[in-house]
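Examination of the molecular architecture
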Amino acid sequence: RSITTLVHTDTTMGDADGKAADTRKGMKDSGVFVRTPVRFTHEISTNNNSVVLREFDGANDCDGAVLVEGFPTNSLSSILVAGYLREALKLPLIGVISSPQFPPRCLIEDGRPVHPVRIFGNSAVVVVLSEFKLPNAELTDCVTKMLFFFAKRHKLTMIVTVEGVPMDDNGGGGGGGGAAAADDDAKKQPPLLFVSTSAAFSARMLKDKHEPLDNSLISGVSGAIMCEGPLEEIDVSCLITPHNAKVPDANCAVVAVRALKAALDIDIDVGPLEAKAKALQASVQKLLATEAKEARPSTSMYL
């Protein structure tokens, strides 16, 4: 049974004079960082696992937004989509999720050490980004409960997950070679599959010619969220993006971001992501062609 501990933190860790951002900017080149003020803390525990949510300044600005979850799965879809939303919308860091059971890692961003599971957001979109897969089912359950806690605390309107489903070369992924193949793949990209508790979201997805998911199995954090969704007072949706089983297909992220832009009315420019997707796809195709010519193992591109 879960044990929940709630702690309100009114004091700050570090500068509390409102000049932390200016100080951080001025000290960036010196390698010195300013500690982040923690405004709110919440812990969820089970017998063997626990996760802690820490919110920073700006977390309350996300009330009423949509949350997009970006935990790694069997494809790059969730990371590409969540990462691009964060970058394109210039979402500020508003919190982190930590756990003694997480792999011991520290990310350095703009000269600041941060947790590998970060929360970025504004009044329209909240993105949760993770640098690793959760190691066990019990920890996945704790993280899922924390995401729902955060969503209800800030009255978020929906939690959206993105998953990738592998397809063969003929089903829509990188098939040929070079930039021309990337352009062809973008044109013949099959529609997304989706499942949602929101009638409005589903109606817009159907209008855009995407297809509802009838029978399948969704695992990981996405599966846990979709399983709990009908029991919670918040809508949940999952986008299933087809991708090539052998190649990390970036075009699927373009299709997913386009779909989210339309279904959730997000003001975002997809153009830069399309350019990045074409560049990445062309680079991957070139690597595959080189490896095939030299008869090297296809997995060497990931080393």
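Residues numbered from 1 in each chain as written. Predicted model: local features only at pLDDT ≥ 70, side-chain atom pairs only at ≥ 80, totals over all residues. Heavy atoms only, no water.

What the protein contains, in helices and strands, is eight helices and 13 strands. Looking at the protein as a whole, 47% of its 303 residues qualify as buried. Put simply, of all contacts in the protein between residues at least 6 apart along the chain, 72% involve residues at least 24 apart. In the structure as shown, the protein presents an accessible area of about 15100 Å², 53% of it carried by carbon and sulfur atoms. (Helix = DSSP H or I, 4+ residues; strand = E, 2+ residues; numbered from the N terminus. Buried < 20%, exposed > 50% of the residue type's maximum accessible area, 1.4 Å probe, protein only. Contact = heavy atoms within 4.5 Å. Areas by Shrake-Rupley, 256 points an atom, 1.4 Å probe, with all protein chains shown as cover.)

Going through the model one piece at a time under the given rule, you end up with two aromatic pairs. Between the aromatic rings of Phe 40 and Phe 149, the centroid separation amounts to 6.4 Å while the plane-to-plane angle is 10 degrees, which identifies the pairing as stacked. Here Phe 40 is found in strand E2 (residues 40–45), whereas its partner Phe 149 is found in helix H3 (residues 137–153), with 109 residues between them in sequence. For Phe 40, a relative accessible area of 4% gives the class buried. The interplanar angle of 65 degrees and the centroid separation of 5.1 Å between the aromatic rings of Phe 102 and Phe 132 together place this pair among those described as edge-to-face. Pair noted here: Phe 102 is in the loop between strand E5 (93–98) and strand E6 (107–109) and Phe 132 is in the loop between strand E9 (125–130) and H3, with a separation of 30 residues, a long-range link. Assigned by exposure class, Phe 102 and Phe 132 land together as buried. (Phe/Tyr/Trp six-rings, centres within 6.5 Å; stacked < 30°, edge-to-face > 60°.)

Before going further, it helps to examine the pattern of salt bridges. A full pass over the atoms with the stated rule returns nine salt bridges. Taking the shortest distance from any N to any O, the salt bridge between Arg 118 and Glu 109 comes out at 3.0 Å. Neither residue differs from the other here; Arg 118 and Glu 109 are each classed as buried. (Salt bridge = Lys/Arg side-chain N within 4 Å of Asp/Glu carboxyl O.)

Time to look at H3. Over its 17 residues, H3 extends 24 Å from the first C-alpha to the last, a length consistent with the 24 Å expected when each residue adds 1.5 Å. If you check which residues of H3 are buried, you get Leu 139, Thr 140, Cys 142, Val 143, Thr 144, Met 146, Leu 147, Phe 148, Phe 150 and Ala 151. Put simply, Asn 136 is the residue that caps the front of H3, since its side-chain oxygen is 3.2 Å from the backbone nitrogen of Glu 138. Remark: Lys 155 follows H3 within two positions and exhibits a positive phi of approximately 55 degrees. (Expected span 1.5 Å × (residues − 1). Polar contact = N/O pair within 3.5 Å; in protein donor to acceptor, adjacent residues only side chain to side chain.)

Within the protein, residue pLDDT values average 79, and 72% of them lie at 70 or more. When the elements of the protein are averaged for pLDDT, helix H4 (residues 178–187) gives the smallest value, 43, and strand E8 (residues 117–121) the largest, 97. A low-confidence stretch, residues 171–186 stays under pLDDT 50, and its non-local contacts, those more than four residues away or across chains, total 34 contacts. With pLDDT under 50 throughout, residues 295–303 is counted as low confidence; its partners more than four residues away or in other chains account for 12 contacts. (pLDDT = per-residue confidence, 0-100.)

Quick look at the pairing of strand E3 (residues 50–55) now. The element E3 is extensively covered by neighbouring structure, given that five of its six residues are classed as buried. One ladder, built from six bridges, connects E2 with E3; its direction is antiparallel. Looking across to E3, one finds that Ile 44 is bridged to Val 51. Linking two consecutive strands that pair antiparallel, namely E2 and E3, is a turn of four residues. (Pairing = 2+ DSSP bridges.)

Right, let's get into the layout of surface pockets. In this approach the atoms are scanned with a rolling probe the size of a water molecule, which exposes any empty space left behind. In this structure, the second largest pocket encloses a volume near 390 Å³. Forming the boundary of the second largest pocket are 25 residues, of which Thr 73, Glu 163, Ser 219, Gly 220 and Val 221 lie nearest the centre. Mapped by element, the contributors of at least two residues to the lining of the second largest pocket are H3, strand E10 (158–167) and helix H6 (220–228). Classifying every residue of the lining of the second largest pocket gives 13 nonpolar, nine polar and three charged. (1 Å grid on protein atoms, 1.4 Å probe; cavity = no way out; pocket = protein on both sides within 12 Å on 5 of 7 lines; lining within 4 Å. Points joined across faces, edges and corners; volume = space filled by probe spheres on them. Nonpolar A, V, L, I, M, F, W, Y, C, P; charged D, E, K, R; others polar.)

Attention now goes to the pairing of E5. Counting buried positions along E5 gives six out of six residues, so the element sits mostly inside the fold. Here three bridges tie E5 to E8, and the two strands are oriented antiparallel to one another. Pairing of Leu 93 across the sheet is with Phe 120, part of E8.

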